[in-house]
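Structure at a glance
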Amino acid sequence: VTNHTTYLIAIAEKDDQQAFKKLYQHFLPRLLSYANTFLNHKQLSEEVVEDVFIKIWSNRKTLPAITNFPYYLYTATKHTAINYLRSRKKALTSD
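Values in this document were obtained by computation on a predicted structure and should not be read as measured data.

Cut-offs and rules
- Residues numbered from 1 in each chain as written.
- Predicted model: local features only at pLDDT ≥ 70, side-chain atom pairs only at ≥ 80, totals over all residues.
- Heavy atoms only, no water.
- Helix = DSSP H or I, 4+ residues; strand = E, 2+ residues; numbered from the N terminus.
- Expected span 1.5 Å × (residues − 1).
- Contact = heavy atoms within 4.5 Å.
- Axes fitted to C-alpha atoms, helices over the stretch in contact; angles between N-to-C directions.
- Parallel < 35°, antiparallel > 145°, perpendicular 65-115°, else oblique.
- Left-handed = near helix turned anticlockwise from the far one by under 90°.
- Nonpolar A, V, L, I, M, F, W, Y, C, P; charged D, E, K, R; others polar.
- Salt bridge = Lys/Arg side-chain N within 4 Å of Asp/Glu carboxyl O.
- Buried < 20%, exposed > 50% of the residue type's maximum accessible area, 1.4 Å probe, protein only.

Now for helix H3 (residues 42-58). The terminal C-alpha atoms of H3, which comprises 17 residues, lie 24 Å apart, in line with the 24 Å expected from a rise of 1.5 Å per residue. Elements that come into contact with the buried residues of H3 comprise helix H2 (17-39) and helix H4 (69-94).

Put into C-alpha cells, the structure is as follows:
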C-alpha cells in the first residue's frame, strides 16, 4: 500500500482534510508546471489545478477505486486545461 493509497482511503472514509492537504501540497508544484505546458499562464494553471482538486474533494468517496492516483491527477489536469482552452477559444470566436 502506497502513501497515496493511505491518504486516499483516509480522505474517502473519514473526510480527512489533513490527508487531502498533504496530497495537494505534494502534487501541486508538478501539476502547476504540467498545466502551464498547455496554458503558458501561471494564474490560469493555478485555477486549473485548483479545479482538479475541488473535483477530487467533491468525489472523494470514489477515491479508493483509483489504482494509479498520480496518473489520474495528470490526466485530469490535462483534460481540464484542454477544456479551458476550448471554452476560451469559443468565447473569443463568439464575440
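Time to look at the packing of H2 against H4. Packing of H2 against H4 brings their axes to within 10 Å, and their N-to-C directions diverge by 40°. Comparing the axis directions of H2 and H4 gives the class oblique. In this structure, the crossing between H2 and H4 has a hand that is right-handed. Where H2 abuts H4, its residues Leu23, Phe27, Arg30, Leu31, Tyr34, Ala35, Phe38 and Leu39 lie against Phe69, Pro70, Leu73, Tyr74, Thr77, Lys78, Ala81, Ile82, Tyr84 and Leu85. Here the contact of H2 with H4 is composed, by residue class, of 15 nonpolar, one polar and two charged.

Time to look at the packing of H2 against H3. For any two helices packed against each other, one specifies the crossing angle of their axes together with the interaxial distance. Where H2 contacts H3, the axes come no closer than 8 Å and their chain directions differ by 140°. Considered as vectors, H2 and H3 are oriented oblique to each other. Along this stretch, H2 crosses H3, giving a crossing that reads as right-handed. Within the contact between the two elements, H2 uses Gln17, Phe20, Leu23, Tyr24, Phe27, Leu28, Leu31, Leu32, Ala35, Asn36 and Leu39 and H3 uses Lys42, Leu44, Ser45, Glu46, Val48, Val49, Glu50, Phe53, Ile56 and Trp57. Classifying every residue of the contact of H2 with H3 by side-chain character gives 15 nonpolar, three polar and three charged.

Let's shift gears to the pattern of salt bridges. Counted by the stated rule, this structure contains two salt bridges. Put simply, Arg60 and Asp15 hold a salt bridge, and the shortest N to O gap is 2.8 Å. With Arg60 in the loop between H3 and H4 and Asp15 in the loop between helix H1 (3-14) and H2, this pair connects stretches of sequence that are 45 residues apart. On the basis of relative accessible area, Arg60 is assigned to the buried category, the value being 18%. Asp15 sits in the partly exposed class, given a relative accessible area of 33%. Close ionic contact of Asp15 with Lys61 constitutes a salt bridge, the shortest N to O distance being 3.0 Å. Taken together, the residues span a long stretch of sequence, with Asp15 in the loop between H1 and H2 and Lys61 in the loop between H3 and H4 at a distance of 46 residues. Taking relative accessible area as the criterion, Lys61 reaches 54% and is therefore assigned exposed. Beyond isolated ion pairs, a larger network of salt bridges with shared partners links Asp15, Arg60 and Lys61.

If you trace the backbone, Thr80 turns up in helix H4. Those residues in contact with Thr80 that sit more than four places away from it in its chain are Val48, Asp51, Val52 and Lys55.

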